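# A structural walkthrough
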Amino acid sequence: MNLQQEILNYQPENEQERADRKLMLRFMADNPDYLDRANRIAHFTASIWTVNREYTRTLMVYHNIYDSWSWIGGHADGVEDLRSVALRELKEETGVGKAVLVTPEIFSLEILTVDGHVKRGAYVSSHLHMNVTYLAEADDTEPLAVNRAENQAVKWWSFEDAVRMPREQWMTAHIYQKLNDKVRRRIR
């Protein structure tokens, strides 16, 4: 199944996901380069909400560009299999290599704004990330590693702290809280 079909099949959780899903599908139809960050208006990214086996904590990184605690993820860079992108980013950003997807299905959808910033000495204009999130489970005793090129720290947080510690208000109040709520509903 291709990414467009997966997004079409995804059942949105709330109004944010319904609106973002509709825009993602339209963007894909209008932009054949939707998987490539050469599209400077918007492009697809994958994130991974990683929880421990007890479903009590989530793994986050202190992101250099956002200067905040953040979930894990990265650019599709032409790869349509966003599951593999999410798992690759998890390993690259945290050192966690034994995580498994709880389900191969999309866990969440969101369109995220990215402010203009400097990366590797070059200015990157403000743009949108058409983000697909997956849910993974990992052993919270597995050694962690910081990817200094992208992050300053890696840490497991309680679900409560995962929405308290980041500085990005939209992410904490809407996205991370939504993800935590979805995880809690899965274990009931």
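Quick summary incoming for the structure in this document. Values in this document were obtained by computation on a predicted structure and should not be read as measured data.

Let us now look at the overall build of the protein. Looking only at helices and strands, the protein has five helices and 10 strands in total. On C-alpha atoms alone, the protein measures out to a radius of gyration of 16 Å, which is about the 16 Å that the 2.2 N^0.38 rule sets for 188 residues. Principal-axis analysis of the C-alpha atoms gives the protein an extent of 45 × 45 × 30 Å. Taking as baseline every contact in the protein between residues at least 6 positions apart, the subset at least 24 positions apart corresponds to 70%. Carbon and sulfur atoms make up 50% of the accessible area of the protein, which amounts to about 9,400 Å² in all. Positive and negative charge centroids in the protein, built from 24 and 28 side chains respectively, lie 2 Å apart.

Moving on, we come to the packing of aromatic side chains. Under the definition given, this model contains five aromatic pairs. Geometrically, the ring pair formed by Y62 and W69 is edge-to-face, given 5.4 Å between the ring centres and 90 degrees between the ring planes. W69 gets classed as buried once you look at its relative accessible area, which sits at 12%. Ring pairs connect the aromatic residues W49, W71 and Y176, which therefore count as one cluster. Of note, K155 hangs over the ring of W157, and the distance from its end group to the ring centre comes to 4.1 Å. Between K182 and the ring centre of F107, over which it is positioned, the NZ or CZ distance is 5.1 Å.

Between its terminal C-alpha atoms helix α2 (residues 15-30) stretches 23 Å, which fits the 22 Å expected from 16 residues at 1.5 Å a residue. Burial in α2 covers these residues: Q16, E17, D20, R21, M24, L25, F27 and M28. In an axial view of α2, the angular spread of the buried residues amounts to 160 degrees, which keeps them on one side of the axis. Of the residues in α2, the exposed ones pointing more than 90 degrees away from the buried face are E15, K22, R26 and A29.

Below, the discussion takes up the pairing of strand β9 (residues 127-138). For β9, the buried fraction is high: 10 of the 12 residues fall into the buried class. Pairing of strand β1 (residues 42-52) with β9, which is carried by 11 bridges, proceeds in the parallel orientation. Each residue of the ladder has a partner; that of V51, found in β9, is E137. As judged from the two bridges shared by strand β5 (residues 100-101) and β9, these two strands associate in the antiparallel manner. Directly across from L101, in β9, lies its bridge partner A136.

With that settled, the discussion passes to the pattern of salt bridges. A full pass over the atoms with the stated rule returns 16 salt bridges. As a salt-bridge pair, K182 and E17 come within 3.5 Å of each other at their nearest N and O atoms. Of this pair, K182 sits in helix α5 (residues 169-187) while E17 sits in helix α2, and the two are 165 residues apart along the sequence. On the basis of relative accessibility, which here comes to 8%, the residue K182 falls in the buried class. What makes E17 buried here is its relative accessible area of 0%. One salt-bridge network, in which partners are shared between bridges, spans E17, E110, K178 and K182.

This brings us to unusual backbone geometry. One non-glycine residue, Y55, adopts positive backbone phi at about 60 degrees. In this model, D67 sits at a positive phi of 50 degrees, which is unusual for a non-glycine residue. For D67, a relative accessible area of 35% corresponds to the partly exposed category.

The subject of this paragraph is the side chain of S108. Considering the arrangement of structural elements, one finds S108 in strand β6 (residues 108-114). What makes S108 buried here is its relative accessible area of 0%. A distance of 3.1 Å separates a polar atom in the side chain of S108 from a polar atom in the side chain of E17. Side-chain polar atoms of S108 contact the side chain of E110, separated by 2.6 Å. What S108 contacts, discounting residues up to four positions off in sequence, is Y10, E17, N131, V132, T133, K178, L179 and K182.

Rules behind the numbers
Residues numbered from 1 in each chain as written. Predicted model: local features only at pLDDT ≥ 70, side-chain atom pairs only at ≥ 80, totals over all residues. Heavy atoms only, no water. Helix = DSSP H or I, 4+ residues; strand = E, 2+ residues; numbered from the N terminus. Rg over C-alpha atoms; globule rule 2.2 N^0.38 Å. Contact = heavy atoms within 4.5 Å. Areas by Shrake-Rupley, 256 points an atom, 1.4 Å probe, with all protein chains shown as cover. Lys, Arg positive; Asp, Glu negative; His and termini not counted. Charge placed at Lys NZ, Arg CZ, Asp CG, Glu CD. Phe/Tyr/Trp six-rings, centres within 6.5 Å; stacked < 30°, edge-to-face > 60°. Buried < 20%, exposed > 50% of the residue type's maximum accessible area, 1.4 Å probe, protein only. Lys NZ or Arg CZ within 6 Å of the ring centre and 35° of its normal. Expected span 1.5 Å × (residues − 1). Arc of directions from axis to C-beta. Pairing = 2+ DSSP bridges. Salt bridge = Lys/Arg side-chain N within 4 Å of Asp/Glu carboxyl O. Polar contact = N/O pair within 3.5 Å; in protein donor to acceptor, adjacent residues only side chain to side chain.

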